[in-house]
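Summary of the model geometry
Chain by chain, the residues run as shown.
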Amino acid sequence: MTVLEWLLEGDPAIRWQVLRDLTGAPGEVVATERARVAGEGWGARLLALQGEDGRWAGGALFPAGTTSIENGQPWTATEPTLTTLRIFGVDPGDERVRRAVAKVKDNCRWEYDDLPFFAGEVEPCINGRTVGLGVYFGENVDALVARLVSEQLDDGGWNCEAENGSVRSSFDTTINVMEGLLAHERATGGTRESIAARRRAEEYLLSRGLLRRRSTGEVVNPAYLQISFPPRWHYDMLRALEYFREVGEAPDPRVTEAIDIVRAKQQPDGAWPLENTHRGDVYFPLDEGDGKPSRWNTLRAQRVLDWYERTSPGGSGPTG
């Protein structure tokens, strides 16, 4: 079995993206497969787990009654579930999805200050993902975008600890905000300020090679060298490369080290492994475990490498 055949044996959430990004399948074939996400497999299972009150696990960021995250943050509440559905590419126009999102809008409020879900809360990391969710599911998040722009730090990024006095940006917070701003820009055209903020944040990461401290050249966090899925709120180099692929421009030479590290992780059978799964309760696993071949990471790594080879100066074309 080829890697492509193996990928196409996966859940509809994977298959439609493989068809779109790796096979060049006709648009109607891709659309048909995507339409299955809400009614079959993982997407359908997550939608069915929504409570009557419109929330998953009774909470916005955390399940109801959460008192400790010492054993990892639970990933079963409303925001991580909607974020996973977005990663799956569930059709936001599907009536089942529209009903689910309407329930969230009407009933779900953040643990922080009881704020409405799509209004966001206080942490830019969370608000960046909320912008992405609002855009994807058709909710107006313009005010939240303006807030994020106003909270950008002098070095070009964001940090959830800024409210506690931090003046240094965090890779983790910054990638969440960048993804949200890019999604908003694609959907609405953005604003002059939001586009400039996103570009400044790109330079924040690129000037550090996506991995390293600007002051010493050391790798900021060894976890950034591992490829996790789902990424949750965490940064890693593959997540950053996926962002730059989504931007769609020719790769900046400063991403080359990260590209080389991702390429070197490919296994002899052509797949990429799952690494550094972020601890916490889940409804069901999406891969077989750390160190095992991962359909998700294989899809993600292959399409990033295809983008790099296709668009970089002197590139040799797709690598698959």
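Residues numbered from 1 in each chain as written. Predicted model: local features only at pLDDT ≥ 70, side-chain atom pairs only at ≥ 80, totals over all residues. Heavy atoms only, no water.

1. Some remarks on the state of the cysteines
- Evaluation of the coordinates by the stated rule reveals 0 disulfides.
- Here Cys 108 is not disulfide-linked; the sulfur of Cys 125 is the nearest cysteine sulfur, at 17 Å.
- For Cys 108, a relative accessible area of 1% puts it in the buried group.
- Looking at Cys 160, it has no disulfide partner, and the nearest cysteine sulfur is the one in Cys 125, 4.3 Å off.
- Since its relative accessible area comes to 10%, Cys 160 is described here as buried. (Disulfide = S-S within 2.5 Å. Buried < 20%, exposed > 50% of the residue type's maximum accessible area, 1.4 Å probe, protein only.)

2. Points about the packing of helix α12 (residues 256-264) against helix α13 (residues 295-311)
- Contact pair α12 / α13: the axes reach a minimum separation of 11 Å and the direction vectors enclose 135 degrees. The angle between α12 and α13 places the two elements in the oblique class. The way α12 lies across α13 gives a crossing that is left-handed. Contact with α12, carried on its side by Thr 256, Ile 259, Val 262 and Arg 263, involves Ala 301, Val 304, Leu 305, Tyr 308 and Glu 309 of α13 and no other residues of that element.
- By residue class, the composition of the contact of α12 with α13 is 6 nonpolar, 1 polar and 2 charged. (Axes fitted to C-alpha atoms, helices over the stretch in contact; angles between N-to-C directions. Helix = DSSP H or I, 4+ residues; strand = E, 2+ residues; numbered from the N terminus. Parallel < 35°, antiparallel > 145°, perpendicular 65-115°, else oblique. Left-handed = near helix turned anticlockwise from the far one by under 90°. Contact = heavy atoms within 4.5 Å. Nonpolar A, V, L, I, M, F, W, Y, C, P; charged D, E, K, R; others polar.)

3. As for α13
- The terminal C-alpha atoms of α13, which comprises 17 residues, lie 24 Å apart, in line with the 24 Å expected from a rise of 1.5 Å per residue.
- Capping of α13 at its N-terminal end is provided by Ser 294; its side-chain oxygen lies 3.3 Å from the backbone amide nitrogen of Trp 296. (Expected span 1.5 Å × (residues − 1). Polar contact = N/O pair within 3.5 Å; in protein donor to acceptor, adjacent residues only side chain to side chain.)

4. Some remarks on the environment of Leu 182
- Residue position: Leu 182 is located in helix α9 (residues 171-188).
- You can call Leu 182 buried: its relative accessible area is 4%.
- Separated by 16 residues in sequence, Leu 182 and Arg 198 place their C-alpha atoms 7.3 Å apart.
- Ignoring sequence-local partners within four residues, the contact set of Leu 182 consists of Arg 198, Tyr 243, Glu 246 and Val 247.

5. Focus: the pattern of salt bridges
- As enumerated under the stated definition, the model contains 28 salt bridges in all.
- For Glu 33, the salt bridge is made with Arg 36, and the minimal N-O distance between the two is 3.1 Å.
- For Glu 33, a relative accessible area of 10% puts it in the buried group.
- For Glu 139, the salt bridge identified is with Lys 105, shortest N-O distance 3.1 Å. You can see Glu 139 sitting in the loop between α7 (124-136) and α8 (142-150) and its partner Lys 105 sitting in helix α6 (residues 95-107), a full 34 residues away along the chain.
- In this structure Glu 139 comes out as buried when scored by relative accessible area, which is 17%.
- Among the ionic contacts, a cluster of salt bridges with common partners joins Arg 20, Asp 21, Glu 242, Arg 245, Arg 300 and Arg 303. (Salt bridge = Lys/Arg side-chain N within 4 Å of Asp/Glu carboxyl O.)

6. As for the packing of aromatic side chains
- Inspection of the entire model under this criterion finds 12 aromatic pairs.
- Ring geometry for Phe 171 and Tyr 235: centres 5.0 Å apart, planes at 80 degrees, overall edge-to-face. Separated by 64 residues along the polypeptide, Phe 171 in helix α9 and Tyr 235 in the loop between α10 (192-206) and α11 (237-247) bring together distant segments of the chain.
- Residue class for Phe 171 comes out buried when judged on its relative accessible area of 4%.
- In this structure an aromatic cluster arises from ring pairing among Trp 42, Phe 88, Phe 229 and Trp 296.
- The lysine or arginine in question, Arg 34, covers the ring of Trp 16, its NZ or CZ lying 4.8 Å from the ring centre.
- Cation over ring: Arg 45 sits above Phe 284, and NZ or CZ is 3.9 Å from the ring centre. (Phe/Tyr/Trp six-rings, centres within 6.5 Å; stacked < 30°, edge-to-face > 60°. Lys NZ or Arg CZ within 6 Å of the ring centre and 35° of its normal.)

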